[in-house]
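This is what each chain is made of:
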Amino acid sequence: MKYVNQPVRKKDAMSLVTGKPVYTDDLAPKDCLVVKVLRSPYAHAIIEEIQTDIAKKLPGIACVLTYEDVPQKRFTMAGQTYPEPSPYDRLILDKRVRFVGDAVAIVAGEDEKAVEKAMKVIKVKYQVLEPVLDFRTAKDNPILVHPEENWKALCPVGADNKRNLCACGLEEHGDVDKVIAESDVVVENTYHTKAVQQTMMETFRTYTTMDTYGRLNVISSTQVPFHVRRILSNALDIPKSKIRVVKPRIGGGFGAKQTVVAEVYPAIVTLKTGRPAKIIYTREESLTASTPRHEMEVKVRIGATKDGHIRGIEVKTLSNTGAYGEHGPTTVGLSGHKSIPLYSKAEAFRFQYDVVYTNRMSAGAYRGYGATQGIFAVESAINELAVKLGMDPVALREMNLTREGDVMHGYYGETAGSCHLDRCLERTADMIGWKEKYPRRVMPDGKIRSVGIAMAMQGSGISNVDTGAVSIKINDDGFYSLSIGASDMGTGCDTILAQMAADCLDCSVDEIIVHGVDTDISPYDSGSYASSTTYVTGMATVKACQTLVDKMKAYGAEKLGCDAKDVEFDGEKVYCLKDEKRSISRKDLGNEAMCAAHNALYATEAFSSPISPPPFMAGAVEIEVDPETGSVEVLDYAAVVDCGTVVNPNLAKVQVEGGLVQGIGMALFEEITYDEKGYVAENSLMQYKIPTRLDMGRLRVEFDSSYEQTGPFGAKSIGEIVINTPAPAIAHAVYNATGLRFTELPITPEKVAMGLIKE
Amino acid sequence: MQITIKLNGKQVTADVAPDMNLLNFVRSQGCYSVKCGCETSNCGLCTLWMDGKPVLSCSILAARADGHEIVTMEGCQEEAAEFGAFLADQGAEQCGFCSPGFIMNVLALFREYEDPTEEEIKEYLAGNLCRCSGYEGQLRAIRAYMAYKKGGESK
Amino acid sequence: MFTIRAYAKVSSLEEAYELNQKKMNTIIGGGLWLRMGKKNIQTAIDLSGLGLDEIKEEEDAFMIGAMATLRQLETHPGIDAYTGGAVKESLRHIVGVQMRNCATVGGSIYGRFGFSDPLCCLLGLDCEVELYRAGRIPLAEFAKMKKDNDILVQVILKKTDRKAVYLSQRNSATDFPVVSCVVSKGEKGNYAVIGARPCLPVIVEDCEDLLERGEEGWNAFAQKVQQEVAFADNTRASGAYRRHVAGVLVKRGAKALWGGADECR
């Protein structure tokens, strides 16, 4: 291995750090129509009348669209493989608006000023309806978010729009009630995680044009180009063959761009006007009409023997999908599937869930995808159990955690084929100085230093669903082109897939050029989400390279006049095993394949996995609490991750660090709050605070790699798991410092200080 | 109204609306490195130098910049690439969308402080948000760059 | 979005004053708040050509021009030394260096925002403002005045015997303060300023000289602050928490000023 496991610089790095124009808005034609969306001021209302005549007549206005101008077939904006588990519950514009910020009209014009002016003169008469804002009262509420008859669920996810249910379900193994009833010690608690925002630095944005062939070209900042094609086809009611989607560089995604939030608006404008059109979401739109993490209330019950053996785990999740069902039925699954199996030695488990519609901003995919919420609950409950048992929480985990070879009943019965969770935990505890620092120390100035710990897992792609295809060809002079359908969103998949290809082909990584996603050209890929790219698309890369090598060997053998069995390829040449002097160089192979050739030296392979091998990790934090003001300062965060083979240590490390800081933000101050009318208070980066470099302390990251037999070079995934430990670890540390148990996030200074006063 | 700005070393005269901000002006002049990440002066993505000081171009009217000297990353490519290589060698540029604003402020930091402490670095750069990197890799890049610069000087 | 129809870079304060008498016209300080509003401005009045962007140290005062930036104020060595770091402390948490290179002292003070760190801090020092027409008035008086069409020319930070400590509580490092607080010590009396209540900063005078009486006195004064100052809720914190933290900060400020040379700023 020359490149895999090496800190190779990203192929696009120097363009990015020197500020080259490579993002959507940099590339959009200068004569693009500016598209904006007029949004509902009500959480729930019916549009009775909408007057656009004056707006349409204003100078510089190209079109104004209302619900009367859009196709009446419902669709979902969730970027998922067809048939999507998310219900078809949307129209581009609907007569019924379902949250403050829902789309009411689309306005396109020559410049922003003209469009803003036009938006002001559109007169809308609403019949204001009572909204359902509290997700605890949504199920079977007489107020329905989606009463419409043409609402439909394509998959049997337990959805029922007449009950405000986006999904429901139950899974179990063994008799959990009996096991818990027999347990010596039982902990039971309810945990509440609120919606939080991905807050990628580049907001949602897309531009659209009509091409030479009369097809709609969509250049979009998206994680899911192929799903964009299908979703636009559904939304606009035009054939998929009429749509081409291209992904330029993306300014971050974190799952937000796994939902087709903005694409429909310029697309319908271009279809109606024939003109290029672009939409750039404001930060306010990105924070109020987007696709944040699902708010969840997770009830956990755990039973254990008095010496600390966990016998049964029950998880009951209530998830709030908001006004639309994007990712509703699937995120909830991870709240159980990625928490319960951390302790696979338990005899029994039950996982039950409801996902409900409310008149809040529609939720969506955010790094961790339900696992974050479930792991906060279960890991917090485990820390409570340790207290109840009088055990060290690390020792309790050591006794019960999933080890390599264990069958994980809570994870579709998969076996942990590669698992260094035990080693991750041990090393993490060492790094943070657990033995010396647990539970706390009071400092001379009265501040309290304490530690907390948590574990996490995730998956590597969606088993039996995610598909990655990769094409590779050799060109003249022997350089290779690698075509992928996976979306590099800054994470570096263009580079790490090239690293894998370079090792498969025994060449320099610079000899492989990578082509990003263009749905007209790239092989199919379900997209960059569900921690799938390294594992799924990585395996497709390995397969495609193997096939290409076989083709090159066959071609070389033909040129050398020997049997294909008798040649070998060493990266530079195909040579005859019986007479090593007889060889043809890679350069010549590439050139000859372009002259009077009848075989293309081109390979395409796809990969999909029947399993989704989990990466595992442990995270431990040291904090300092100011008991008077309630401030919680993160001093040090230690994390050890088992993501299988680390393909690019630099990029993997930065994934971990970035995820940890997002998790720290979620634990301590990120929050979306609604008033009684359904308005979001945190509508700007002035109000929605993400961590700055002064808020995160010191991060220390290590890897302890198992080897995943089914993954490329032994690799699993890294992208999502990294956000899951901070919330439970910090809550644990706060408990150790103060005795206050926080079951709701974020843990603000106010909650800590006022909690201590109450005590 | 007409303004004249020394943009990346060249005198540029243009007719602008009085409410156009400097961010949109420099982008209209082809300086696409300058990004917008918020509308509330909180993210630091639009950082450029006005008379040598790092400022938020989203918050300054183009009219206010009349007669002043503006430098964007397009005007300091060599310096940007020199530091940028250290960022790239940590993989800490990630999506890259905040990189130009961040690097412009890093370079400004080194103009104000010869040998900044870690606390000074963090505080100076606190107005540059990044959601990908978790900041730690950026700090590693800065340390490596400082070591390189010191090494270079001693040679 | 806000709009501006005409832009006037004025060449005298008189010209600025004349223009500013029209309701549709507005003076642009740093322009940071303006851009977030939806105001339709007829003429934007730009003072940046009047040389008001300097901080001059005189024998008995610092003359801080209205167009000086927060960053200039923060990094002014004379002010830093004179205020024992209090002014710097009040500014360094505000968003970031680039933002503080844009925001002006005049804009921050003229706005009379409840959350304003510099307003709260300067109220804890002996400050006056100079208005173009009304002349010099104490900052505390100005803070209570309704906004009118006069022009803030400069802030005068007088060199007296006053010592002040600035403290603030925030939910995250560069966020607005949840409570800001100055404890101020001087011959003409000791007092505390409490800002971000979330309303305008208020001054609580220590008429009983509690602050001079050691820890018990500090506690008593903190209690007085908690009782006398009105606190309210907003998205960042409740009034009850603000009241609690204000007490904590006052005690800490008192300790820093009276508790021993080490911590005295």
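The shown structure was predicted, so the numbers you read here are calculated from the model rather than taken from an experiment.

1. Some points on the overall build of chain C
- Scanning chain C for helices and strands turns up 10 helices and 12 strands.
- A compact globule built from 265 residues would reach a C-alpha radius of gyration of about 18 Å, and chain C, at 19 Å, matches this within 12%.
- Across its three principal axes, chain C shows a C-alpha extent of roughly 60 × 45 × 30 Å.
- Looking at chain C alone, contacts between residues at least 24 apart form 60% of all its contacts between residues at least 6 apart.

2. As for the packing of helix H10 (residues 371–389) of chain A against helix H18 (residues 726–738) of chain A
All names here are of chain A.
- Orientation of H10 relative to H18, taken along the N-to-C sense of each, is 30°, at an axis distance of 8 Å. If you check the angle between H10 and H18, you find them roughly parallel. You can see that H10 and H18 cross each other, and the crossing is right-handed. The residues of H18 that touch H10, namely those facing Ile-375, Phe-376, Glu-379, Ser-380, Asn-383 and Val-387, are Ala-727, Pro-728, Ala-731, His-732 and Tyr-735.
- The class makeup of the residues in the contact of H10 with H18 is seven nonpolar, three polar and one charged.

3. Section: the pairing of strand S7 (residues 135–138) of chain C
Residue and element names in this part refer to chain C.
- Bridge analysis of strand S6 (residues 127–131) against S7 gives four bridges, and the strand direction is antiparallel. Within S7, the residue paired with Leu-131 across the bridge is Gly-135.
- Counting the residues in the hairpin turn of S6 and S7 gives three residues.

4. So, a negative patch on the surface
Residue and element names in this part refer to chain A.
- The grouping of Glu-398, Glu-426, Asp-430 and Glu-436 at the surface amounts to a negative patch.
- Following the sequence through the fold, Asp-430 ends up in helix H12 (residues 421–432).
- For Asp-430, a relative accessible area of 48% gives the class partly exposed.

5. Comments concerning helix H3 (residues 99–112) of chain B
Residue and element names in this part refer to chain B.
- With 14 residues, H3 ought to run about 20 Å at 1.5 Å a step, and its terminal C-alpha atoms sit 20 Å apart, in line with that.
- Across the 14 residues of H3, 11 count as buried, placing the element largely inside the fold.
- Within the span of H3, buried status applies to Ser-99, Pro-100, Gly-101, Phe-102, Ile-103, Met-104, Asn-105, Val-106, Leu-107, Ala-108 and Leu-109.

6. As for the interface of chain B and chain C
- Each partner contributes residues to the interface: chain B has 29 residues there, and chain C has 27 residues.
- Buried area between chain B and chain C, both sides added, is near 2,200 Å², and the carbon and sulfur share of it is 52%.
- Per-residue buried area on chain B facing chain C is highest for Asp-19, Arg-64 and Glu-123 of chain B; these three make up 28% of the total on that side.
- Seen at the junction of chain B and chain C, the total is three salt bridges.
- There are 14 residue pairs in polar contact (both at pLDDT 80 or more) connecting chain B and chain C.

7. Regarding the domain arrangement of chain C
Residues and elements named next belong to chain C.
- Split into domains, chain C comes out as domain 1 (3–42), domain 2 (55–158) and domain 3 (163–263).
- Once you take the C-alpha centre of each, domain 1 and domain 2 turn out to be 20 Å apart.
- Counting residues at the interface gives 12 residues for domain 1, matched by 13 residues for domain 2.
- Between domain 1 and domain 2, the buried area comes to about 1,100 Å², and carbon and sulfur atoms account for 69% of it.

8. Some thoughts on the interface of chain B and chain A
- With 52 residues of chain B at the contact, the number on the chain A side is 57 residues.
- Summing both sides of the interface, chain B and chain A together bury roughly 4,200 Å²; the carbon and sulfur share of this comes to 54%.
- Connecting chain B to chain A are eight salt bridges.
- A salt bridge links Arg-27 of chain B to Asp-26 of chain A; the shortest N-O distance between them is 2.7 Å.

9. Some words on the packing of helix H19 (residues 749–758) of chain A against helix H10 (residues 239–258) of chain C
- Where H19 of chain A contacts H10 of chain C, the axes come no closer than 10 Å and their chain directions differ by 75°. In this view, H19 of chain A runs roughly perpendicular relative to H10 of chain C, as classed from their interaxial angle. Each of Pro-749, Glu-750, Ala-753, Met-754 and Ile-757 of chain A in H19 of chain A lies in contact with H10 of chain C, whose residues at this interface are Ala-240, Tyr-241 and His-244 of chain C.
- Within the contact of H19 of chain A with H10 of chain C, the residues separate by chemical class into six nonpolar, one polar and one charged.

10. Overview of the pattern of salt bridges
- Evaluation of the coordinates by the stated rule reveals 87 salt bridges over all chains.
- Two residues, Glu-592 of chain A and Lys-559 of chain A, come together in a salt bridge whose shortest N-O distance is 3.1 Å. Highlighted residues: Glu-592 of chain A in helix H16 (residues 586–592) and Lys-559 of chain A in helix H15 (residues 533–560), separated in sequence by 33 residues.
- Look at Glu-592 of chain A and you get partly exposed, because its relative accessible area is 31%.
- On the accessibility criterion, Lys-559 of chain A (41% relative accessible area) is partly exposed.
- When the shortest N-O distance is used, the salt bridge between Arg-162 of chain C and Asp-126 of chain C registers 3.4 Å.

11. What to know about the sheet that holds strand S24 (residues 573–576) of chain A
All names here are of chain A.
- Read across the sheet, three strands follow the order S23-S24-S25 without closing on themselves; strand pairing throughout is antiparallel. Across the chains shown, the open sheet's two edge strands, defined by having one partner strand only, are strand S23 (567–569) and strand S25 (583–585). For this sheet the average axis-to-axis angle between neighbouring strands, irrespective of direction, equals 15°.

12. Notes on the domain arrangement of chain A
- What the domain assignment lists for chain A is domain 1 (13–131 + 198–288), domain 2 (132–196 + 292–402), domain 3 (420–459 + 613–759) and domain 4 (468–607).
- Measuring from the centre of the C-alpha atoms in domain 2 of chain A to the corresponding centre in domain 4 of chain A gives 44 Å.

13. Observations regarding empty space enclosed by the protein
All names here are of chain A.
- In this structure the tally under the stated criterion is 11 cavities of 30 Å³ or more.
- Reported here for the largest cavity is a volume of approximately 130 Å³.
- In terms of lining, the largest cavity is formed by 18 residues, of which the most central are Met-77, Arg-90, Phe-99, Ala-289 and Ser-290.
- When grouped by side-chain class, the residues that make up the lining of the largest cavity number nine nonpolar, five polar and four charged.
- Both of domain 1 (13–131 + 198–288) and domain 2 (132–196 + 292–402) provide at least three residues apiece to the lining of the largest cavity.

14. Re a positive patch on the surface
- On the surface, Lys-117 and Lys-120 of chain A together with Arg-5 and Lys-38 of chain C cluster together into a patch of positive charge.
- Checked against the element boundaries, Lys-38 of chain C lands in the loop between strand S2 (26–28) and strand S3 (40–46).
- With a relative accessible area of 70%, Lys-38 of chain C lands in the exposed category.

15. Here we look at the sheet that holds strand S2 (residues 10–15) of chain B
Residue and element names in this part refer to chain B.
- Strand order in the open sheet made by the five strands is S2-S1-S5-S3-S4, with mixed pairing throughout. Among the strands making up the open sheet, the edge pair consists of S2 and strand S4 (53–56). When strand polarity is set aside, the average angle formed by the axes of neighbouring strands in this sheet is 40°.
- Across six bridges, the pairing between strand S1 (residues 2–7) and S2 is antiparallel. Following the sheet pairing, Ile-3 is matched in S2 by Ala-14.
- Seen against the sheet, H3 touches strand S3 (47–50), S4 and strand S5 (69–71) and runs at an angle of roughly 40° to S3.

16. A few points about the side chain of Arg-249 of chain A
Residue and element names in this part refer to chain A.
- For Arg-249, the position within the fold is in the loop between strand S11 (243–246) and helix H7 (264–273).
- One polar contact links Arg-249 to Asp-494, side chain to side chain, over a distance of 2.7 Å.
- Ignoring anything within four residues of it in the chain, the contact list for Arg-249 reads Asp-12, Leu-16, Val-22, Tyr-23, Thr-24, Asp-488 and Asp-494.

Reading guide: rules and limits
- Residues numbered from 1 in each chain as written.
- Chains lettered and ligands numbered in written order.
- Predicted model: local features only at pLDDT ≥ 70, side-chain atom pairs only at ≥ 80, totals over all residues.
- Heavy atoms only, no water.
- Helix = DSSP H or I, 4+ residues; strand = E, 2+ residues; numbered from the N terminus.
- Rg over C-alpha atoms; globule rule 2.2 N^0.38 Å.
- Contact = heavy atoms within 4.5 Å.
- Axes fitted to C-alpha atoms, helices over the stretch in contact; angles between N-to-C directions.
- Parallel < 35°, antiparallel > 145°, perpendicular 65-115°, else oblique.
- Left-handed = near helix turned anticlockwise from the far one by under 90°.
- Nonpolar A, V, L, I, M, F, W, Y, C, P; charged D, E, K, R; others polar.
- Pairing = 2+ DSSP bridges.
- Patch = residues over 30% accessible without salt bridge, like charges linked within 9 Å, V, L, I, M, F, W, Y side chains within 5 Å.
- Areas by Shrake-Rupley, 256 points an atom, 1.4 Å probe, with all protein chains shown as cover.
- Salt bridge = Lys/Arg side-chain N within 4 Å of Asp/Glu carboxyl O.
- Lys, Arg positive; Asp, Glu negative; His and termini not counted.
- Charge placed at Lys NZ, Arg CZ, Asp CG, Glu CD.
- Buried < 20%, exposed > 50% of the residue type's maximum accessible area, 1.4 Å probe, protein only.
- Expected span 1.5 Å × (residues − 1).
- Buried area = accessible area lost by both parts, 1.4 Å probe.
- Polar contact = N/O pair within 3.5 Å; in protein donor to acceptor, adjacent residues only side chain to side chain.
- Domains from an automatic or database assignment.
- 1 Å grid on protein atoms, 1.4 Å probe; cavity = no way out; pocket = protein on both sides within 12 Å on 5 of 7 lines; lining within 4 Å.
- Points joined across faces, edges and corners; volume = space filled by probe spheres on them.

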